[in-house]
Amino acid sequence: MPTIRVETSPFSYPVVVGSGFLRKSRGKLPPELRNRSFVIISDETVWGLHGPGLKTGLVPGRAEAILTVTPGEGAKSMAEANRLLTAMLQAGCDRKTCVVAFGGGVVGDLAGFVAATFMRGVDLIQIPTTLLAMVDSSVGGKVAVNHRLGKNVIGAFHQPRAVLADLELLETLPSRQRTAGAVEAVKYGLLGDSRLLKHCLSRPLADWDMPRVVAASVRAKAAVVAQDEKEAGPRRRLNLGHTLGHALESATRYRRYLHGEAVALGTLYAFRLAIGLGRASESDYECVARLYRTMGVPLQLPRTPFRRLLELMRHDKKASRGRLLFIVPVGLGVVEERIDVPDRVLQEAYEDLKSRIEGGTPE
């Protein structure tokens, strides 16, 4: 059962990757957290499936409140955060209360935002229940809610005190969610983990060695976070595929795409953009597009006009004074930053991508 340490400025924390330890999860926490009182924030589906196991393993007699939200990206709102903060105040929580985020990326981001803002910040434990959350969003301390003008534009950096990734929780994960999460693991291969990329390319998704894939992804992210905790430099490259991906999610009101599906399209767009700039090859694009198809990622673009997507990208938190930042691949395993690519080139790359996949469909 590997434990990966994430080194950050306030403290280091463990990411425990294993299987079947949920009912003994208290013992996997740092000693200073084991006798704390907790508020659990989960979604209704996850809590219905796995809540009894977590109550047995983590919080017998120690839960100040168990708060659930409706599944889906719509829960990541200021209104929902305010409801949860109010419930914590009404439950008598204080600065010693520890928030437990028990769910996928939406719950992790929302509960993390609540933890970051309640009484100016309380401790947070991430217990991810989806593949996407295990390989990416539960690690690194980025927490946020959405705004109608953009995804994750209201948020903070608030590192968890521990991350507990029990792979047994993935047994109830729908196949579409598993596929979407696998896209984020592929991202770490495209960013430089050649062994991980080779593993993903060489076998069907059903045959992936998930403990290996999750641990490798976490190690890759931990290394980047240790260099650049607050995304001032190297950490920006983790946004490969996310600039267009977030715009696609926002344009379709978070109803059309799972996050990983949008990131896959954004990554293919980054390849087309890189090819247009003379920085990548057709064979690299085809390799990644073929991998996504083999994994079962639905590769379809909406009918949203590109000018609308461009407007949303300009509201992306990575933009600066309207200047767009793109992470573009230079081959497989190397990326670079590009700022101020002309709008004409951006649109040409989008139309190029659109012509190569299975056309647009209604939102």
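Report on the accompanying structure. (Residues numbered from 1 in each chain as written. Predicted model: local features only at pLDDT ≥ 70, side-chain atom pairs only at ≥ 80, totals over all residues. Heavy atoms only, no water.)

## What about the sheet that holds strand β3 (residues 38–43)?
Part 1: With mixed pairing, 7 strands are arranged side by side in an open sheet as β1-β2-β9-β6-β5-β3-β4. Because the sheet does not close on itself, it has two edges, and the strands there are β1 (3–7) and β4 (63–69). Taking each pair of neighbouring strands and ignoring which way they run, the sheet shows an average axis angle of 15 degrees.
Part 2: For strand β6 (residues 124–128) and strand β9 (residues 162–166), the ladder comprises 2 bridges, and the chain directions are parallel. Within β9, the residue paired with isoleucine 125 across the bridge is alanine 162.
Part 3: Those strands touched by helix α1 (residues 44–57) are β3, β4, β5 (98–103) and β6, and its axis lies near 145 degrees from that of β3.
Part 4: Helix-sheet contacts for helix α2 (residues 78–90) involve β3, β4 and β5, and the interaxial angle to β4 is about 160 degrees. (Pairing = 2+ DSSP bridges. Helix = DSSP H or I, 4+ residues; strand = E, 2+ residues; numbered from the N terminus. Axes fitted to C-alpha atoms, helices over the stretch in contact; angles between N-to-C directions. Contact = heavy atoms within 4.5 Å.)

## What to know about helix α3 (residues 105–117)
Part 1: Compared with an ideal rise of 1.5 Å per residue, which puts 13 residues at 18 Å, α3 spans 18 Å between its outermost C-alpha atoms and is within 8% of the ideal.
Part 2: Burial runs high along α3: 12 of the 13 residues are buried.
Part 3: All buried positions along α3 are accounted for by Gly105, Val106, Val107, Gly108, Asp109, Leu110, Ala111, Gly112, Phe113, Val114, Ala115 and Ala116. (Expected span 1.5 Å × (residues − 1). Buried < 20%, exposed > 50% of the residue type's maximum accessible area, 1.4 Å probe, protein only.)

## Description of the pairing of β5
When a strand is regular, its side chains alternate between the sheet's two faces.
Part 1: Taking burial as the measure, the 6 residues of β5 include 6 buried ones, the bulk of the element.
Part 2: Residue alternation in β5 divides its side chains into two sets, Cys98, Val100 and Phe102 and Val99, Ala101 and Gly103, and both sets are buried.
Part 3: Both β3 and β5 contribute to a ladder of 5 bridges, which runs parallel. Across the sheet, the residue bridging to serine 42 is phenylalanine 102, located in β5.
Part 4: When β5 meets β6, the two strands line up parallel, connected through 5 bridges. For alanine 101, the partnering residue across the bridge sits in β6 and is glutamine 126.

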